[in-house]
Each structure stands twice: as structure tokens, then as C-alpha cells.
Amino acid sequence: MTELLTVRDLRVDFDTPSGPVRVIDGLDLTVAPGERVALVGESGSGKSVTAQAILGLLPTARVTGSVRLDGQELVGASRRILRQVRGNRIGLVFQDPLSSLNPVMTIGRQVMEPLLIRGVRRAEARRRAIDLLARLGVRDAARRFDDYPHQFSGGMRQRVVIAIAVIAEPDLLIADEPTTALDVRIQAQVLSLLDEIAAERRMAVLLITHDLGIVAGFAQRVVVMYAGREVEQGPVDEIFGRARHPYTRGLLAAVPRIDERHQGRLPTIGGQVPTPAQRPDGCAFHPRCSSTVDACRSEVPLLLPRAAAHRVACHVATRHAEQVTEV
Amino acid sequence: MAAPPVPPVPLVSRRRRLRVGDWLERAAVVVAALVILVAVVGPFVAPHDPYRVALDQSLQPPSAEHWFGTDADGRDVFSRVLAGARVTLLATFVVIAVATVIGVVLGTAAALGGRIVDEILMRICDIGLSFPAMILALGLAAAMGPSLESAVIALALTWWPGYARLVRTLVRETLHAEYVDAARSIGMSRWRLITRHVLPNSLDTLYVQITLDVAAVILVISGLSFVGVGAQPPSAEWGALVAAGRNNVVNGWWVVALPGAAIALTAIAFNLVGDRLRVRNDPTLGNGGKA
Amino acid sequence: MLRFIVRRLGLMALVLFGLAAIVFLMAQVVPGDPARTAAGRNATAEQVAQARERLGLDEPLLVQFGRHLSRLAHGDLGTSLFTSRPITADLADVLPASVELVLAAMLVNLLVAVPLGVISAARRGRAADLAARLIVMFGAAVPVFWLGLMLQYLLAAQWQVFPLTGRLSFGVSVPERTGMVTVDALLAGDLGAFSDALAHLVLPAVTLAAPFVAVVARTLRSTMISALDRDFVTLARAKGASEWRVVIRHGLRNALVPSSTIIGMQLGWMLSSTVLVESIFGRPGIGAYAVNAVLQNDLFAVVAVVLVIGVAFVIANFLVDLVHLWLDPQLRRAGV
């Protein structure tokens, strides 16, 4: 299968007064045309930095490795090439729809902007923008076109942000926590809207989220990140059915399920993600892990294949598997 | 940023930070200290008598004998600038001191005196802050009769509302701090509470504002003298020095240029020191690259 | 929005009242006896008493204050001791020159400060930023009157790039309509006179603008920096917008909302700074009039200038609020 997006060994370092800090440490990721991939992890695990690094939106960071879109290298690419890719081939949706919209520009101008930048005539851009807003469920789109962001509700604003991301019909949509800032009731609506619009336009989607709960019905493949590293990846059924990494299992256990009745509170993983500057040696997860071996404290586990397309970076999971094969 | 994507460590551009700023700030501290020193010892180290007229020495260009040249009356400009440092700085100091005292008293009164007192004082501040200090001071000084004293009094009377408002805010903030509650709970008297706890904790911010105001006051004071409502001839006040030379600029640029440069240099130095203090006082500005 | 405007108008009235009171008090602290001044140098005690009665100076202060207010409301600012004309008429003659100068200085201010602030913010921490900040540092600290004299000495006296003083060269004249010679020259279609008037305007306008450039550039820089750090700016880049478009359409447009307040208030401040600039360049404006009044001990004229500049200041601030309302859609629609 030819991949649409190929990320190889992506590393992102930020300079701080106390020296460089590696925020992303060797990420591998692929997205095929039309595929839905979920990038999952708690906040602070480096998901959002990944999204911005792909688009070259981190001017102050040092980004190394390779990000290819249809074979076109984006790391270190010229500003001109990046501008052709941004908006046009890759659309981006941020978490907070309020801060994502320019408060002093009308909704309409902001939605039309990706088209106007590419020389589409204003009347044409306006028509397409109104059509798209209407398609995305903005009622009275034509009348509300010249309203300002503060006149829209949170859910409506996020529809506008999605419209901005998809209006130039990109091949890939990167949605960074698209529903997190929204009302629970609206979350499902916005997610299914994303699902529909992506299907209609045969867009690939990289869904970045901390919430495994929204992944199941949406994505085909899941990549789990922890403290700037990839810890597990595989098809959605594999991850939900046979997760190997203790972190993934912890995340899964924290997802409320309709088919199980929980007694009391949902289990959570104790502690929190270390900051990149204080990432522990060895497996970054070991201080929070319930089943550690000596190697966890000293060696970074490699991402090793478990089953078809299912890979895990965990000493315990790997050793366990080896013992099983030896017997 | 969406989510907290970036580590909670303050980020700095990967390009090396320009160090020129730090260097400038250090130089500014030295210059400001030097200006204050000159204000204290200036008249004693002046090579010539700053007030002695020598008409045969009129408008001599800068030389080894007269570093800054001589003015139309043959007086040594360098000596006059040295002597003028005391006049200008003392006037500035008095303006700020008086304005600060009025501001602290009225600001504290507004913060503690109940709604009506607060409302009246703050509306007066609004009125005061609604006008350029320069023009009000000009009118007041003209009314009192042009002299440096008039200018100083007039400026002090127009400068305090800024301090009053600042002190009011600071006192209100401090009053809500926990340690003040603690002090109150052990039965400390109101007066003691204010003088021992509330005011001292408000002063840091006030100092920063005062330092930043030094340059502004110097500029206005010298401006008033230049216009003729401040220091009168033969005073060596810096603005008066510039005014005295203005009719002879073409024959003696140094009489105007060098005293004016002294004003500018002093203002720059105090501004930079004030900025430095502000950054120190407010850690959140540390890496913002502001100021 | 209406409530906002009403509140502003209320504050404006209060401030104007305060100004009238201050001006009244100023006239009270005059050393010497205004009745004696009015009656003339050689007046008898009887004549002085008559003058006192005629001027209402024997009445209680509050009554005098009331009369003072009513005179002000009728535009009566008293008579100048120096020109012996109504001060209102004097000021009507001199104001256009000052308005012209202030508008020109504001133009210079914006043309210099906005690019400076934008470049400084967009290239934060780099050489261009440092250069811009050095300019700002000097602008904030240079005494205007000194800058004016220096520019005049170098550019007019030494190198003769610009004329020394005045508003028009000798022998050039334009029919007076607005009193602003540049505008009058344009209205008369006299391009030669226009460029002559413009040349006379450059140095005073640059001088007057200098300290304001520093303030605007600095404010714009910090508001731009915080605007450029916001999500919608990243998102604008993600749309494929050029850096220029990002900085101007998204960054500057947002930074202008807070900066507009300061820029507008500067109109009033500039008018007060004409006191320092106009007499240097021999421009017969309100600032030069004030300086002259001070030198002639013409206190009523000084007080009138304070009052007029104060009123201009208040009106400028009110206009600023309206512009602010127009620039900030959130404010515009809120609380209508």
C-alpha cells in the first residue's frame, strides 16, 4: 500500500535555558489515503507537538527525522512548499474553537481564507464556504456569514474550524483534540460530522486525542504515545482486544463502557506524565507501571512487532512473549 | 496552544539570544549611578565656575580647556552641565517624593476609607490622569509666577494621581493576602496592620514605577524650564541651558547639543534601570523578551 | 453599546467640570490683584474698587465660579492682556496651525511606529528587533525641544534640506480657508505652495512625533507578540497563509484594538507638546501662543490654552472610545 503520510524517526527538541529538551523522541507513523489513524496519549505526551511538527509549525523547535507527504519531504522543506501543503493538502483542527478563531475577523472571511490565499475568486469562495458551513450544520449559513466568532456557540465555532480545515479539500485532516473543549452532548455530534465529511471527501484523518473512548468507532488504527515516545500501535481491534502495553491497558481501563457496569469509580493510572525535561531513564512509563523488571529502569524498550501490524515497546510484554514461545 | 503541547519549561528561540540587551542594562546602571554621583559632587569637581561670565570667552568651541565649549556669556558649558545635574535631579527628586507622599496617603485612604471616599478620590484621579501633566503644570507654574519652585510644585500637584491609583490597587490586593488575614486574626490594630504589613508589601511595585518615572519627570521639568516657566537664568538647570543656547545654535551648537545629550543620556539610563527592575519584580516578564 | 457611550459621556462631563474648576482655581492663586491690573497701573483706590465690582470680584467665590462656568459655556475665555483681543478670537487664529501640525505628526508617528512595532514583534529577538528597540529607547528619552533644535541646526541650517522656520517661504501665499496651509494650498490647486508648506511641516512634525513613536512601537510590539502567540495565528499558518498575511491580517489587526486607545489619546498629548515645538520652528500655533502668553505674564491667555487643550484632550479620548468600539466587534455588540 502506498502511504499518504509517512513519519520516520521524528524528533523534536526545544531549547530551554537549561539546555535542549526532547519532546518527541523517534516517532514512526504512517497514514494511508483515506485511512483513519488515532494518536492517543495523555496530555503532555507530545501529541499536539507531533501535529504541528508535521506541518512545520514549530519555528522555534529543532525538528529532525522525516515527514513525507506523497513522497514529498516536509522536514526542512522551503516555506513555499510548506505553504502549498498547509491547508491545501493537510487541514488542521485545534482543540479550543474559541482561541482557534480570530476574534476580529468575520466567520466568513476566515472560512474563505484558505481559498482566497490560493487565488479562488471571492464570489466563488463565498459560495463554497456557505455551502460547506450549511453542510456542517451551521443554520442560516449565508446570514451568519458576516458574524464574528463570539456570536457563535462553542459547538458552532468548532464546525467553523472544521470548515476552515476542509474547505480546500485536503487529503489529510489532522484533528487535534477536536471535541475536548466541547460539551459532552456536542462532542458526539461534532465527531460524527468529522466522520461523515471525511468519508464524503475521502480524506484521511489523523485524530489526536487523550480519550480512547472516541477512538473505537472512528479510527482503523491506533498509535499510543507516552512521554514523547510511541509505546504501542496496531489495528483498532487489536488494541482494544489485545493491548500489550500496561499504559494502553491503563488507558483502556479508564474508558467508561456501556456493556459493563462499573462499581464505583473508574480505575485510573496513578501519577502523571513526566515533563520531557524529567523523563526517567529506561522505559519512561516505569515509575507508574505495576509490573516492572530491571531492564525497565535502564533500557528504552524497542518497538517490536507482536502480531500482524501490532507493535509494542515494553520489556515485560516482550519477555513474556519470548517465554511463551520457548515453552 | 491546543492542549498543553509544549513542555512547561520556558522556551527560548534556538537562535542565540542577543546579549546586547544585558550589556546595555549594565551600562545603564553605571550611567545612572554616575549621574547621581555628579549631582552630589558636580559643583566641586567642575573645572570652572559654572556661573562666572567672561564675555571675551564667548562661544568658544569644545577644546581641551573647555570640553563642552563656552556659552554666549563665556561660561564653561561642561561645568554648567555638571552643576545642572544637581538642579535637575533635585527638582525631579522633589517632584517624585512629594507626588509619592500624596499618592501613598490618598491611595491608602481610598483603599481603606470606604466607598464614598474611594469614589471621590478616584474621580479626582480620573480628572488628573485625563490631562497631560505638562500642560496643567504649565498653567499652574505660570499662575504661581515662573520659577523652578513653581514648576516643581505644579508638577508634583499634577503627578500624584498615578501613584494614588497604583497604591490603592496594591493596598487592596495586599489586604486580601493570607498573611494579612493572619495578622488581623491575632488582633493587630488597623494602623499597625497598614504600616507594618500592607504598605511595605506594596512598595516594591511602587519603586519600579518611581524609577520608570524619573526619566519622564526629568523631561517635563527641563521642558518647563525650556519654555520659560521653570528654572530662570542664570540657573544651570539642563532645560534652561538648552533654552539659553537656542538663539545661537548656528554659532554654537555645543551650547544646545551637549546639555540636551546629558538629559537624553540620563533619561535613557533611568528608563533602562526601571525596565530591569520591572522584569526582576515581575518574574513572568523574564523570558517574554518584552520591554 | 449605548450604555457604554452614555457612561463615557458622563465621565467626560465630570472631567470637563473638574477642568473648569482647576482653571478657576488657577486664576485665584495669581499673585497680585486682578482688579488692580484691570483698572490700570495708575488707577486710584476708587477706580480699583469699581473694577472689582464690575468684574464681580467682590462676590463670594462660589458665585464667581458659577459666573466663570457660564462664561465658559458661552465660549468667553476673557481678554488677552497682551493682544487686547478676546482670547477666543486669538485661539481661533492659532488653532488651525496646531491641528495641522498634530495631524502631520500623527501621520509620521503611524508611518514609523507601526512598521517598527510589527517588525520588532515578527522578528522577535533578532537583529531587526534589537535595532527597532534601540530606536524606541532613544525616542522615549530624547527631550523634544532639544531634538527640534538639533534637527533644525543640522537639516535646515547646515545642510539646508528643509526650511528653518515658518509655515511658508517668503513670498508664497495661499488663500485662507481652513487655516491649515497645506490643505489651503491643495484647495487652491497650488501644488508649488503645497510642497513648500509640506517642506515647512516636516521637521516640526518629525520632532513632535518622536516620543510618541516610541510609545506606539513599544505597545504594538508587546500586543503583537501576545497576539502572534495565539492559536488562531498558528491556525492561519496552517491554512497556508503567507507570513506577511499572518502578521498583518491576524497579528496586527488584533494588536490594533488595544493600541488604538493609546494612539488616539496621543492626539491630545501631541497638542500639549506643541508648546515645546512650535516656538522653535516659528509656527504660530496654540503652543507658541501659550509660550508667548507665559513670557508676557498674560495669565488669562495661559489659562485659556490649558482649558482648550484639556477639552481637546477629553474629546480625543471620547473619539478613541468610539474607534475602539468600531475595531472590537465584541465590544460593539455587547450590551446594546
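Q: How would you summarise the overall build of chain A if you had to cite specific residues and measurements?
A: Assigned secondary structure in chain A consists of twelve helices and twelve strands. Against the 2.2 N^0.38 benchmark of 20 Å for 327 residues, chain A shows a C-alpha radius of gyration of 21 Å, consistent with a compact globule. Dimensions of chain A along its principal axes, counting C-alpha atoms only, are 70 × 50 × 45 Å. Within chain A, the proportion of its 327 residues that are buried is 55%. For chain A, restricting intrachain contacts to residue pairs at least 6 apart in sequence, the fraction spanning at least 24 positions comes to 64%.

Q: Go over helix α5 (residues 122-135) of chain A, please, and point to the residues and values.
A: Residue and element names in this part refer to chain A. Taking 1.5 Å of rise per residue, 14 residues should cover 20 Å, and α5 covers 20 Å from first to last C-alpha, within 8% of that figure. Every buried residue belonging to α5 is among Ala-125, Ala-129, Ile-130, Leu-132 and Leu-133, and all of these are buried. What you see down the axis of α5 is that its buried residues fit within an arc of 165°, all on one side. Buried residues along α5 sit against α4 (107-117), α6 (141-144), α7 (154-166) and α8 (184-200).

Q: Describe in detail the packing of aromatic side chains, supporting the description with residues and values.
A: All chains considered together, the criterion is met by ten aromatic pairs over all chains. Measuring from centroid to centroid gives 5.8 Å for Phe-17 of chain C and Phe-65 of chain C, while their planes differ by 75°, and the two rings are edge-to-face. Of this pair, Phe-17 of chain C sits in helix α1 (residues 2-28) while Phe-65 of chain C is found in helix α4 (residues 61-73), placing the two residues 48 residues apart along the sequence. Geometrically, the ring pair formed by Phe-24 of chain C and Phe-65 of chain C is tilted, given 5.1 Å between the ring centres and 55° between the ring planes. Of the two residues, Phe-24 of chain C is situated in helix α1 and Phe-65 of chain C in helix α4; the sequence distance between them amounts to 41 residues. This pair shows no difference in class: Phe-24 of chain C is buried, exactly as Phe-65 of chain C is. Put simply, the rings of Tyr-226, Tyr-247 and Phe-285 of chain A touch in pairs and so form one group of aromatic residues. The lysine or arginine in question, Arg-36 of chain A, covers the ring of Phe-218 of chain A, its NZ or CZ lying 4.8 Å from the ring centre. A cation over an aromatic ring shows up here: Arg-144 of chain A above the ring of Phe-152 of chain A, its NZ or CZ 4.2 Å from the ring centre.

Q: Any chance you could break down the nonpolar core for me, citing the residues and the numbers?
A: If you look at the biggest cluster of nonpolar residues, it comprises 154 residues, and the most contacted ones within it are Leu-138, Leu-155 and Phe-226 of chain B together with Leu-91 and Trp-146 of chain C. In terms of residues, this core owes the most to one element, helix α7 (residues 190-227) of chain B, which gives 16 residues. Setting aside its immediate chain neighbours within four residues, Leu-138 of chain B contacts Leu-224, Val-227 and Val-229 of chain B together with Val-275, Ala-290, Val-294 and Val-302 of chain C. The next biggest cluster of nonpolar side chains, apart from the first, holds 81 residues, and it includes Val-7, Ile-24, Val-93 and Leu-206 of chain A.

Q: Got a sec to walk through the sheet that holds strand β1 (residues 5-16) of chain A? Specific residues and values, please.
A: Sheet strands pair by backbone hydrogen bonding; their relative direction is either parallel or antiparallel. Residue and element names in this part refer to chain A. The four strands are arranged β2-β1-β4-β5 in an open sheet whose pairing can be described as antiparallel. Each of the sheet's edge strands pairs with one partner strand only, and the pair in question is β2 (19-31) and β5 (72-73). Here strand β4 (residues 61-69) runs beside β5; their pairing, made up of two bridges, is antiparallel. Residue pairing across strands places Arg-68 opposite Glu-73, the latter belonging to β5. Packing against the sheet, helix α1 (residues 47-54) makes contact with β1, β2 and β4, and its axis sits at approximately 110° to β1.

Q: Outline the sheet that holds strand β8 (residues 204-209) of chain A, listing residues and values.
A: All names here are of chain A. The mixed open sheet is built from eight strands, whose spatial order is β6-β7-β8-β3-β9-β10-β12-β11. Both outer strands of the open sheet, β6 (90-93) and β11 (304-307), are each paired with one neighbouring strand and no more. Sheet twist, expressed as the mean angle between neighbouring strand axes with direction ignored, is 20°. Relative to strand β9 (residues 221-226), strand β3 (residues 36-40) runs parallel, the two sharing four bridges. When the sheet's bridge partners are listed, Val-37 is paired in β9 with Arg-221. On the sheet, α1 packs against β3, β6, β7 (172-176), β8 and β9 and is oriented at approximately 145° with respect to β8. Contacts between α8 and the sheet are confined to β3, β7 and β8, with β3 contributing the most and set at about 140° to the helix.

Calculation rules
Residues numbered from 1 in each chain as written. Chains lettered and ligands numbered in written order. Predicted model: local features only at pLDDT ≥ 70, side-chain atom pairs only at ≥ 80, totals over all residues. Heavy atoms only, no water. Helix = DSSP H or I, 4+ residues; strand = E, 2+ residues; numbered from the N terminus. Rg over C-alpha atoms; globule rule 2.2 N^0.38 Å. Buried < 20%, exposed > 50% of the residue type's maximum accessible area, 1.4 Å probe, protein only. Contact = heavy atoms within 4.5 Å. Expected span 1.5 Å × (residues − 1). Arc of directions from axis to C-beta. Phe/Tyr/Trp six-rings, centres within 6.5 Å; stacked < 30°, edge-to-face > 60°. Lys NZ or Arg CZ within 6 Å of the ring centre and 35° of its normal. Core = buried A, V, L, I, M, F, W, Y, C linked by side-chain atoms within 4.5 Å. Pairing = 2+ DSSP bridges. Axes fitted to C-alpha atoms, helices over the stretch in contact; angles between N-to-C directions.

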